[in-house]
Amino acid sequence: MKWLRNERTIHILIPVISAILGLLAGAIIMVLGGYDAVKGYDSLFNGMLGSPKAIGETIRAMTPLALAGIAVAFAYKTGLFNIGVEGQLLVGWLAAVWVGYAFELPSVIHIPLAILAAGVAGALWAFIPGFLKARFHVHEVIVSIMMNYIALYTTSSIIREFLYAGNEKSYNIHESASLASSFLAEATNNSRLHYGIIVAFLAAFVMWFLLNKTSKGFELRAVGFNQQASKYAGMNVSRNIILSMSVSGAFAGLAGAMEGLGTFQYMNTFTSFTGTGFDGIAVALLGANSAIGILLASFLFGGLQTAAPQMNFMAGVPSELIEIVIALIIFFVASSYLIRWIIGRLSKGGAQ
């Protein structure tokens, strides 16, 4: 089994094996709880992929998760941990909805403008922990966590003050700013699938290209790997830290735009977090912080989340079990040392 000794192969196998182990552990929990694991997973996978509508809803849920995962991964690749994606998503959502409601423009201008506003809002929100990290060496995790709560209550306050349409939500955006697609909806039996998935794929490409094919991406990764060596080589460490957090925040803002312009067409006055920004951490981890891996991981997580109610309805399995399965998958990813050891033993056994 020489192919098991290849580091790239191991890098790919770890998230795959982690997902399988997480599902197996979930099955064991179902059996111990007195539920039919086969029926539970059968209804779950039918809810994910069993019909055009299920596929459409899975891809719809995948879109913001992919962008949140890209935001986390971009920061991680440059030596930072952006745990403030949730807050950046919320301010991006609000900015997109405000532009979508406040202006009446041709769609060809209105949609890009609303998406751009979301990216800029997310970037500005992430600029603050980036600046404090670069200028005063304040850890970005602490600041970004606090910024999440500021974003949560500030966005709700702004909606209530300036955009409130009643029923705990903002005014709807104009149709000219909407990413909704009658074609995609009809093709998937009236799911909420929208054109935002294109933005997610473009963002994944941009992340890959910027980090791997440009000199600025090399500089950002170098600063994340070793700040002292980068400074000795003449790189502006502070500027690159701020830039990295801002770009990460822009991706997070786009995740919010996908919800505001695509799925809902408005924004709620939230009293608690959406969870999408935090789920982005899990998506990035399972996707090994790679563009393709994040897209695949977000598809899995999006499907699990959208299909959980059907598992509860069809098999009587509590939908909360999906959260346990996701947690177990992340646990096994975090326990990659154990998986590497098992793969190493298998490769040695095959060589004898």
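In what follows, the structure referred to is the one given above.
Quick caveat: nothing in here was measured; it's all calculated off a predicted structure.

The rules behind each value
- Residues numbered from 1 in each chain as written.
- Predicted model: local features only at pLDDT ≥ 70, side-chain atom pairs only at ≥ 80, totals over all residues.
- Heavy atoms only, no water.
- Helix = DSSP H or I, 4+ residues; strand = E, 2+ residues; numbered from the N terminus.
- Rg over C-alpha atoms; globule rule 2.2 N^0.38 Å.
- Buried < 20%, exposed > 50% of the residue type's maximum accessible area, 1.4 Å probe, protein only.
- Contact = heavy atoms within 4.5 Å.
- Axes fitted to C-alpha atoms, helices over the stretch in contact; angles between N-to-C directions.
- Parallel < 35°, antiparallel > 145°, perpendicular 65-115°, else oblique.
- Left-handed = near helix turned anticlockwise from the far one by under 90°.
- Nonpolar A, V, L, I, M, F, W, Y, C, P; charged D, E, K, R; others polar.
- Polar contact = N/O pair within 3.5 Å; in protein donor to acceptor, adjacent residues only side chain to side chain.
- Core = buried A, V, L, I, M, F, W, Y, C linked by side-chain atoms within 4.5 Å.

Asker: Any details on the overall build of the chain? Residues and values, ideally.
Answerer: Across its full length, the chain carries 15 helices and zero strands. In terms of overall size, the chain behaves like a compact globule, its C-alpha atoms giving a radius of gyration of 21 Å where 352 residues would be expected to give roughly 20 Å. For the chain, the spread of C-alpha atoms along the three principal axes comes to 70 × 60 × 35 Å. Here the chain, with 352 residues, has 51% of them falling under the buried criterion. Sequence separation of 24 or more characterises 76% of the internal contacts of the chain that already satisfy a separation of 6 or more.

Asker: So what's going on with the packing of helix α4 (residues 85-102) against helix α5 (residues 107-136)? Which residues, and what values?
Answerer: Between α4 and α5, whose axes approach to 7 Å, the crossing angle comes to 150°. Classed by the angle they form, the pair α4 and α5 counts as roughly antiparallel. For the pair α4 and α5, the crossing hand works out as right-handed. Of α5, the residues touching α4 (which contributes Gly87, Gln88, Val91, Gly92, Ala95, Ala96, Val99 and Gly100) are His110, Leu113, Ala114, Ala117, Ala118, Ala121, Gly122, Trp125 and Ala126. Partitioned by chemical class, the residues of the contact of α4 with α5 number eleven nonpolar, six polar and no charged.

Asker: Which residues make up the side chain of serine 144, and what values go with them?
Answerer: When you line up the elements, serine 144 lands in helix α6 (residues 140-163). For serine 144, a relative accessible area of 1% puts it in the buried group. Only 3.2 Å separates the side chain of serine 144 from the backbone oxygen of valine 141, close enough to count as a polar contact. When near neighbours in sequence (up to four residues on either side) are disregarded, serine 144 contacts Asn82, Ile83, Gly84 and Pro129.

Asker: How would you sum up the packing of α4 against helix α11 (residues 237-263)? Please name residues and give values.
Answerer: Interaxial distance between α4 and α11 falls to 6 Å at its minimum, and their mutual angle equals 50°. Relative to α11, the element α4 lies oblique. The chirality of how α4 crosses α11 is right-handed. Between α4 and α11, the contacting residues are Val85, Gln88, Leu89, Gly92, Trp93, Ala96 and Val97 on the first element and Ser248, Gly249, Ala252, Gly253, Ala255, Gly256, Ala257, Glu259, Gly260 and Leu261 on the second.

Asker: Residues and numbers for the nonpolar core, please.
Answerer: Formed by 75 residues in total, the largest nonpolar core has its most connected members in Met207 and Phe301. Ranked by residue count, the leading element in this core is helix α13 (residues 291-315), at eleven residues. Not counting chain neighbours up to four residues away, the residues in contact with phenylalanine 301 comprise Leu65, Ala282, Val283, Leu286, Ile326 and Ile330. Membership of the second largest hydrophobic core comes to ten residues, among which are Met235, Ile241, Ile242 and Met245.

Asker: Describe unusual backbone geometry, with residues and values.
Answerer: Of note, histidine 137 is a non-glycine position whose phi angle comes to about 60°, a positive value. Tracing the chain through its elements places histidine 137 in the loop between α5 and α6. Although it is not a glycine, asparagine 289 sits at a positive phi angle of roughly 60°. Of note, asparagine 289 is situated in the loop between α12 (276-286) and α13. Among the residues examined, asparagine 289 registers a relative accessible area of 13% and is labelled buried.

Asker: How would you explain α6 if you had to name every residue and give the values?
Answerer: Of all the positions in α6, only Glu140, Val141, Val143, Ser144, Met147, Asn148, Ala151, Leu152, Thr155, Ser156, Ile159 and Leu163 are classed as buried. On the buried face of α6, the contacting elements are α4, α5 and α12.

Asker: How would you summarise helix α9 (residues 215-225) if you had to cite specific residues and measurements?
Answerer: Those residues of α9 lying buried are Gly217, Glu219, Leu220, Ala222 and Val223. Elements in contact with the buried residues of α9: α3 (52-77), α8 (196-213), α10 (227-232) and α11.

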